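Per-entry structural report
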Amino acid sequence: MNGVNGLAGAYVPGDSPLHRLPVGVKLLGLAAACTVLVLLRSPWAMAVAAGVVGLLFAVARVGVAAAWAQVRPVRWFAVALFGMQLVFADVPSAVLITSRVVLAVALAGLITLTTRTSAMMAALERGLSPLRRVGLDPFRLSLLLSLTIRSVPVIAGLAARVREAQRARGVEWSMRAFAVPLVVSALRHADALGEALSARGLDDD
């Protein structure tokens, strides 16, 4: 059950305004914030967005270590993405695209830090309950969505480890050396998570 435990272990207990905020509001806020990030067209606007995200982490009072842990895994991916964008675009575009990814990961991480897995699933299940009328299971859908949100920092961590292994082997600029191990690691994680869910009887029809 390591996969499930790993995803649930990001929560930091607290009594901040973000901890007390209803889960549905946080999820809607995450969707709205990511939409805004996509719409921003200026590096200065993105800098303001970064300041707002930093302020949200401060309000959450989750600690510097926990906050840094949400974006630390994507640091080498961000560097690689920035470099690739410089090849095909200009500096402002590279800053915008890289910032969008990093800030989206940070916001998803903030949700996991301030929301219990059980509360997230309960809120999603309530919101998806009308789909029961068309034969869909709200519980399974809520589980899928909550695991998707919590998998963002996990996949980011896998990418960081692959990137560090690339640097150790001296092939840090090889896309194949990055993509293949990342896909394999992601599939192994998915397999372990599937086994954990199966052990809990969640694969039954």
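To start, this report covers the structure provided alongside it. From a predicted model like this one, the values you see are computed outputs, not experimental measurements.

**Notes on the overall build of the protein chain**
Along its length, the protein chain carries 10 helices and 0 strands. In the protein chain, the order of α-helices and β-strands from amino to carboxyl end is α-α-α-α-α-α-α-α-α-α. Taken over 205 residues, the protein chain has a buried fraction of 37%. Put simply, of all contacts in the protein chain between residues at least 6 apart along the chain, 71% involve residues at least 24 apart. Carbon and sulfur atoms make up 68% of the accessible area of the protein chain, which amounts to about 11500 Å² in all.

**Focus: the packing of helix α3 (residues 23-39) against helix α7 (residues 91-114)**
The interhelical angle for the contact between α3 and α7, taken along N-to-C directions, is 175 degrees, at an axis separation of 10 Å. Judged by the inter-axis angle, α3 sits roughly antiparallel to α7. Here α3 contributes K26, L27, L30, A33, C34, L37 and V38 to the contact with α7, which in turn contributes R100, L103, A104, L107, A108, I111 and T114. Grouping the constituent residues of the contact of α3 with α7 by class yields 11 nonpolar, 1 polar and 2 charged.

**Some thoughts on the side chain of Q70**
Looking at where Q70 falls in the secondary structure, it is placed in helix α5 (residues 64-71). Of the residues examined, Q70 reaches a relative accessible area of 7% and is grouped as buried. For Q70, the side chain forms a polar contact with the main-chain oxygen of A66, separated by 3.2 Å.

**A word on the nonpolar core**
Of all hydrophobic cores here, the largest spans 25 residues; its most connected members are L37, F57 and V62. Contributions of two or more residues to this core are made by α3, α4 (43-60), α5, α7 and α8 (117-128). Leave out the neighbours within four places in its chain, and V62 touches V12, H19, F57, A67, L113 and T114. Judged by nonpolar contacts, the second largest core, of 5 residues, contains A159, V162, F178 and L182.

**Quick look at the layout of surface pockets**
Put simply, the largest pocket is a space of about 280 Å³. Lining the largest pocket are 18 residues, with G29, L30, A33, L56 and L107 sitting closest to its centre. Among the secondary structure elements, those contributing two or more residues to the lining of the largest pocket are α3, α4 and α7.

**Things to note about α5**
Of all the positions in α5, only A66, A67, Q70 and V71 are classed as buried. Projected down its long axis, α5 shows its buried positions confined to an angular sector of 135 degrees, all on one face. Set apart from the buried face of α5 by more than 90 degrees, the exposed residues are V64 and A65.

**Thoughts on the packing of helix α6 (residues 75-88) against α7**
Two numbers describe how α6 lies on α7: the axes approach to 8 Å, and their chain directions differ by 150 degrees. Considering their axes alone, α6 and α7 lie roughly antiparallel with respect to each other. α6 and α7 meet at a crossing whose hand is right-handed. Side by side, α6 and α7 meet where F77, A78, L81, F82, Q85 and L86 of the first sit next to V91, A94, V95, I97, T98, V101 and V102 of the second. Looking at side-chain class alone, the contact of α6 with α7 contains 11 nonpolar, 2 polar and no charged residues.

Basis of the calculations
Residues numbered from 1 in each chain as written. Predicted model: local features only at pLDDT ≥ 70, side-chain atom pairs only at ≥ 80, totals over all residues. Heavy atoms only, no water. Helix = DSSP H or I, 4+ residues; strand = E, 2+ residues; numbered from the N terminus. Buried < 20%, exposed > 50% of the residue type's maximum accessible area, 1.4 Å probe, protein only. Contact = heavy atoms within 4.5 Å. Areas by Shrake-Rupley, 256 points an atom, 1.4 Å probe, with all protein chains shown as cover. Axes fitted to C-alpha atoms, helices over the stretch in contact; angles between N-to-C directions. Parallel < 35°, antiparallel > 145°, perpendicular 65-115°, else oblique. Nonpolar A, V, L, I, M, F, W, Y, C, P; charged D, E, K, R; others polar. Polar contact = N/O pair within 3.5 Å; in protein donor to acceptor, adjacent residues only side chain to side chain. Core = buried A, V, L, I, M, F, W, Y, C linked by side-chain atoms within 4.5 Å. 1 Å grid on protein atoms, 1.4 Å probe; cavity = no way out; pocket = protein on both sides within 12 Å on 5 of 7 lines; lining within 4 Å. Points joined across faces, edges and corners; volume = space filled by probe spheres on them. Arc of directions from axis to C-beta. Left-handed = near helix turned anticlockwise from the far one by under 90°.

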